[in-house]
Amino acid sequence: MFIGVEIASSPVPAISSLGPIAVICDFGNNGGLLVGQEIEGWSSIDAGSIDLETLIDGEVVGTRTPTDFPKDALDALAFLRAHAEDRRIDLPAGTFVSSGAVTGVHQTQAGVSAVCRFGQFGEVRMKLTSATPIEG
């Protein structure tokens, strides 16, 4: 298990206000996954011992303290595996998946700086920029 940040991004700026069907039609509004450092011994972490925090331009916009981190992580993985199996989606060893918006969905824009803190396990720092078309 690793710390990380799921980046939601859509060519439709108002996607979140259009409701869940619009997000589903946009393939979950998934723009990417930033993978941070590994959490060694994650399955033995005490429940409630991790304080998660998201800051945008220095302001706290979301916090959470998981109540039973190891159980919640394994439950989410079991759901994902069953869901993928039902749809014949292969998840080979080494596949990275995200547990989603743990501290909430936070609206941002290009030029914003963000920090996602994972307690004693580190943090991920980002500077959001506009997408640049690839020529060729």
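Residues numbered from 1 in each chain as written. Predicted model: local features only at pLDDT ≥ 70, side-chain atom pairs only at ≥ 80, totals over all residues. Heavy atoms only, no water.

A.B. asks: Go over the overall build of the chain, please, and point to the residues and values.
C.D. replies: A count of helices and strands for the chain gives two helices and six strands. Secondary structure of the chain in N-to-C order comes out as β-α-β-β-β-α-β-β. A buried classification covers 21% of the 136 residues belonging to the chain. Pairs at least 24 apart in sequence give 58% of the contacts found in the chain among residues at least 6 apart. Surface exposure of the chain reaches about 9600 Å², of which carbon and sulfur atoms provide 54%. (Helix = DSSP H or I, 4+ residues; strand = E, 2+ residues; numbered from the N terminus. Buried < 20%, exposed > 50% of the residue type's maximum accessible area, 1.4 Å probe, protein only. Contact = heavy atoms within 4.5 Å. Areas by Shrake-Rupley, 256 points an atom, 1.4 Å probe, with all protein chains shown as cover.)

A.B. asks: Which residues make up the pairing of strand 6 (residues 123-127), and what values do they have?
C.D. replies: Successive side chains on a regular strand alternate, one facing one side of the sheet and the next facing the other. The alternating pattern of strand 6 places Val124 and Met126 on a buried face, while none of Glu123, Arg125 and Lys127, on the opposite face, is buried. Taken together, the five bridges between strand 5 (residues 113-118) and strand 6 define a ladder with antiparallel strand orientation. Of the residues in strand 6, the one forming a bridge with Cys116 is Val124. Taken together, strand 5 and the strand that follows it, strand 6, pair antiparallel across an intervening segment of four residues, in which Gly119 is found at a positive phi of about 55°. (Pairing = 2+ DSSP bridges.)

A.B. asks: Help me get a handle on the sheet that holds strand 4 (residues 59-64), residues and values and all.
C.D. replies: Spatially, the four strands line up as an open sheet ordered 4-3-5-6, and their pairing is antiparallel. In the strand order of this sheet, the two ends are held by strand 4 and strand 6, each with one partner. In this sheet, adjacent strand axes meet at a mean angle of 10° when their direction is disregarded. (Axes fitted to C-alpha atoms, helices over the stretch in contact; angles between N-to-C directions.)

A.B. asks: Could you give me a rundown of the nonpolar core, with the residues and numbers involved?
C.D. replies: Ranked by size, the top nonpolar core spans 15 residues in total, and within it Ile3, Ile45, Ile50, Phe118, Phe121, Val124 and Met126 carry the most contacts. Sorting the residues of this core by element identifies strand 1 (2-8), strand 3 (52-56), strand 5 and strand 6 as the ones contributing at least two each. If one sorts the elements of this core by residue count, strand 5 sits on top with three residues. Among all residues touching Ile50, those that are not within four sequence positions of it are Ile45, Arg64, Thr65, Pro66, Phe69, Phe118, Gln120 and Phe121. (Core = buried A, V, L, I, M, F, W, Y, C linked by side-chain atoms within 4.5 Å.)

Shape is all these values report; function is a separate question.
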